[in-house]
Amino acid sequence: TGSLRKSPGSLPEPDESPGLSSSLTAEAWAAGGRPKSGMIHIFSQYVSPKALLLMMLEAVLILGSLLCAVKLRFWHDEVAFQAYTVLPEFGLQCGLVVLVCLGCFYFNDLYDLRSEYGSLERVLRVEQALGAASLLLGLLYFMVPGLLLSRGVFIIGMMLVAICVILNRKCLDKAWKLTASLQ
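Notes on the structure follow. This structure is a prediction, so every number in the text was calculated from the model and none was measured.

Each value, and the rule that gives it
Residues numbered from 1 in each chain as written. Predicted model: local features only at pLDDT ≥ 70, side-chain atom pairs only at ≥ 80, totals over all residues. Heavy atoms only, no water. Helix = DSSP H or I, 4+ residues; strand = E, 2+ residues; numbered from the N terminus. Buried < 20%, exposed > 50% of the residue type's maximum accessible area, 1.4 Å probe, protein only. Contact = heavy atoms within 4.5 Å. Areas by Shrake-Rupley, 256 points an atom, 1.4 Å probe, with all protein chains shown as cover. Salt bridge = Lys/Arg side-chain N within 4 Å of Asp/Glu carboxyl O. Phe/Tyr/Trp six-rings, centres within 6.5 Å; stacked < 30°, edge-to-face > 60°. Lys NZ or Arg CZ within 6 Å of the ring centre and 35° of its normal.

## Describing the overall build of the chain
Point 1. Looking only at helices and strands, one finds six helices and two strands in the chain.
Point 2. A buried classification covers 33% of the 183 residues belonging to the chain.
Point 3. Look at the contacts in the chain between residues 6 or more apart in sequence, and 62% of them connect residues 24 or more apart.
Point 4. As displayed, the chain offers around 11,900 Å² of accessible surface, 67% of which is attributable to carbon and sulfur atoms.

Below you can see the structure in the form of structure tokens.
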């Protein structure tokens, strides 16, 4: 039929495989289709260890911000604080907020560490991602009212998340630049 047949086990050319990430270089193809810089393969995507560390750190910061928001909301009422943070309901609510926020951060290219954003653009991207997360969570709270964080907790939590994430990224940028200059 005139078409070329590939031998079993041969690698496709980079433009033939739409399922692989476009970040693979020619050297990576020569090395068997794996990236050379220690990337981690997750759900058919290659993720840098820095991005994975940043994602896990931000998940912890979001959880901590939500706990601080609950503590601030029920500052003088320890009984209400204990009643509000009962598991598994509070854990489910927090897990949902973390997943939605991390998803919005991802889709706002905040985990694409190759791009060099200025500090103002980074702050704007974080705020846009948190705005989108708030809209998505508002829609979910409308559809499933049992997932709703109490009045005040959500707003305080989102403000704390914004502050923590922006400060975390500034500190990590300085640390990564410092370690890069030492190497």
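## A look at unusual backbone geometry
Point 1. A cis amide bond links leucine 87 with the next residue in sequence, proline 88, at an omega value of 5 degrees.
Point 2. Of note in the backbone geometry, aspartate 109 takes a positive phi value of approximately 60 degrees without being a glycine.
Point 3. Relative to the helices and strands, aspartate 109 is located in the loop between α4 (89-107) and α5 (119-143).

## Here's the deal with the pattern of salt bridges
Point 1. Scanning the model with the defined rule gives four salt bridges in all.
Point 2. The shortest N-O distance in the salt bridge between arginine 169 and glutamate 58 comes to 2.8 Å. Residue arginine 169 is located in helix α6 (residues 153-182), and its partner glutamate 58 is located in helix α2 (residues 49-73); the two are separated by 111 residues in the primary sequence. Summarising the burial analysis for this pair, arginine 169 and glutamate 58 share the class buried.
Point 3. Between lysine 71 and glutamate 78 there is a salt bridge; the shortest N-O distance is 2.9 Å.
Point 4. Exposure remark for lysine 71: the relative accessible area of 28% places this residue in the partly exposed category.
Point 5. A residue is classified by how much of its surface remains accessible, and glutamate 78, at 40% relative accessible area, is partly exposed.

## Overview of the packing of aromatic side chains
Point 1. The full count for this structure, using the stated rule, is five aromatic pairs.
Point 2. Considering the side-chain rings of phenylalanine 74 and tyrosine 84, the 5.5 Å spacing of their centres and the 45 degrees angle between planes classify their relative orientation as tilted. Of the two residues, phenylalanine 74 sits in the loop between α2 and α3 (78-84) while tyrosine 84 sits in helix α3, which places them 10 residues apart along the sequence.
Point 3. Given the relative accessible area of 17%, tyrosine 84 is considered buried.
Point 4. Ring geometry for tyrosine 141 against phenylalanine 154: centres 5.9 Å apart, planes inclined by 85 degrees, an arrangement best described as edge-to-face. Of this pair, tyrosine 141 sits in helix α5 while phenylalanine 154 sits in helix α6, placing them 13 residues apart in sequence. We note that tyrosine 141, like phenylalanine 154, is buried.
Point 5. Put simply, the rings of Phe74, Tyr84 and Phe90 pair up and form one aromatic cluster.
Point 6. Over the aromatic face of tryptophan 176 sits the side chain of lysine 50, whose NZ or CZ is 4.9 Å from the ring centroid.
Point 7. Above the ring of phenylalanine 81, the side-chain terminus of lysine 71 is found at 4.8 Å from the ring centroid.

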